[in-house]
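Close look at the chain arrangement
Take a look at the letters that make up each chain.
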Amino acid sequence: MVWRGIAFGLAFALAALTSAGMAQEAATQSPVLTIEPERLFAESRFGKSALARFEREQAEFLAENKKLEVALEAEEKSLTDRRPSLPIEDFRKLADAFDAKAEEIRAARLAKSRSLTTTRDEDQKRFLAAIGPILGEMMGEMGALVILDKKTVFLSFERLDVTDLAIARIDSVLGDSLQTIPQPQPTEGPDPAP
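Residues numbered from 1 in each chain as written. Predicted model: local features only at pLDDT ≥ 70, side-chain atom pairs only at ≥ 80, totals over all residues. Heavy atoms only, no water.

1. Remarks on the overall build of the protein chain
- In terms of helices and strands, the protein chain carries five helices and two strands.
- Along the chain direction, N to C, the helices and strands of the protein chain fall in the order α-β-α-α-α-β-α.
- Looking at the protein chain as a whole, 25% of its 194 residues qualify as buried.
- Considering only residue pairs separated by 6 or more positions, the protein chain has 84% of its internal contacts joining residues 24 or more positions apart. (Helix = DSSP H or I, 4+ residues; strand = E, 2+ residues; numbered from the N terminus. Buried < 20%, exposed > 50% of the residue type's maximum accessible area, 1.4 Å probe, protein only. Contact = heavy atoms within 4.5 Å.)

2. What about helix H3 (residues 45–82)?
- Its 38 residues give H3 an end-to-end C-alpha distance of 55 Å, which sits within 8% of 56 Å, the value for a rise of 1.5 Å per residue.
- All of the buried residues in H3 are Phe46, Gly47, Ala50, Arg53, Phe54, Phe61, Leu72 and Leu79.
- The inward-facing, buried residues of H3 contact helix H2 (37–43), helix H4 (88–142) and helix H5 (163–174). (Expected span 1.5 Å × (residues − 1).)

3. Looking at the packing of H3 against H4
- The geometry of H3 relative to H4 is characterised by a closest axis approach of 11 Å and an angle of 175° between their N-to-C directions. Comparing their axes, H4 and H3 come out roughly antiparallel. (Axes fitted to C-alpha atoms, helices over the stretch in contact; angles between N-to-C directions. Parallel < 35°, antiparallel > 145°, perpendicular 65-115°, else oblique.)

4. Some points on the confidence of the model for the protein chain
- Taken residue by residue, the protein chain gives an average pLDDT of 80. The fraction at 70 or more is 77%.
- Least confident of the elements in the protein chain is helix H1 (residues 2–28), whose mean pLDDT is 38; most confident is H3, at 94.
- Below a pLDDT of 50 lies the segment residues 1–27, which in the model reaches four contacts outside its immediate sequence neighbourhood of four places, other chains included.
- Note that pLDDT drops below 50 for residues 186–194; the model gives that stretch zero contacts with residues more than four away or on any other chain. (pLDDT = per-residue confidence, 0-100.)

5. Concerning the packing of aromatic side chains
- For the structure shown, the criterion picks out three aromatic pairs.
- Here Phe41 and Phe127 contribute two aromatic rings whose centre-to-centre distance is 5.2 Å and whose plane-to-plane angle is 75°, an arrangement assigned as edge-to-face. Remark: Phe127 occurs in helix H4 and Phe41 occurs in helix H2; sequence separation between them is 86 residues. The pair formed by Phe41 and Phe127 is uniform in burial state, with each residue classed as buried.
- With a centroid separation of 5.6 Å and an interplanar angle of 10°, the aromatic rings of Phe46 and Phe127 are classed as stacked. Placement of Phe46 in helix H3 and of Phe127 in helix H4 is noted, with a sequence separation of 81 residues between them. (Phe/Tyr/Trp six-rings, centres within 6.5 Å; stacked < 30°, edge-to-face > 60°.)

6. Quick word on the nonpolar core
- Membership of the largest hydrophobic core comes to 20 residues, with the highest contact counts inside it found for Leu40, Phe127, Ile131, Leu135, Ile170 and Leu174.
- When residues of this core are traced back to their parent elements, those giving at least two are strand E1 (32–35), H2, H3, H4 and H5.
- Looking at this core, the element that brings in the most residues is H4, giving eight residues.
- With near-sequence residues (within four places) excluded, Ile131 lies in contact with Leu40, Ile170 and Leu174.
- Core analysis: the next-biggest nonpolar cluster, separate from the first, contains six residues, Leu79, Ala95, Phe98 and Ile105 among them. (Core = buried A, V, L, I, M, F, W, Y, C linked by side-chain atoms within 4.5 Å.)

7. Things to note about the environment of Ala42
- With respect to the helices and strands, Ala42 occurs in helix H2.
- Sequence separation between Ala42 and Ile167 is 125 residues, and the spatial gap between their C-alpha atoms is 9.6 Å.
- Once you skip the residues sitting within four places of it in the chain, Ala42 turns out to touch Lys48 and Leu51.

Structure, rendered in structure tokens:
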């Protein structure tokens with residue numbers, strides 16, 4: 001009876017090991033793989049470098065905004081303080097000039113803000129264009145026909161998620177330098193599916 005229990009236990013352990021081996025094999029050979037696209041960018045060395053640069057530039061931009069705001073408030077207060085001693089026409093000219101200056105500064109700051117956002121978006125586009133061949137190579141190695149965004153999959157085995165593997169492969173190919181990825185060139189025809 002004891003031997004039968006040991007044999008049963010060994011058979012169960014062997015089945016579990018075989019199942020685990022099959023699961024590992026299935027992870028490397030599957031027609032469908034999933035990834036988390038946001039993680040690919042945010043956790044890759046390239047993405048971390050691009051995001052750190054964006055955050056640094058944004059912090060500088062906000063600091064500049066604060067300085068300009070303080071300077072404009074001081075100038076406005078000075079103009080307001082001078083109002084009683086100025087003829088109405090002189091004050092109106094100074095007030096109009098101040099308003100024009102403030103609007104010009106606002107327009108320049110808005111353009112700078114848009115430029116920062118555009119640069120961040122272009123970095124992401126360059127990244128996505130550069131990782132296509134890397135993910136394609138992984139698909140070939142794993143026998144995959146498609147890689148899906150993990151968020152759009154209702155139910156799957158975790159082993160189909162190759163995000164960590166993709167990040168490691170992307171890091172080994174792209175590194176963290178923004179110069180390693182060429183600027184995207186305008187193309188004719190439809191964009192590839194996101």
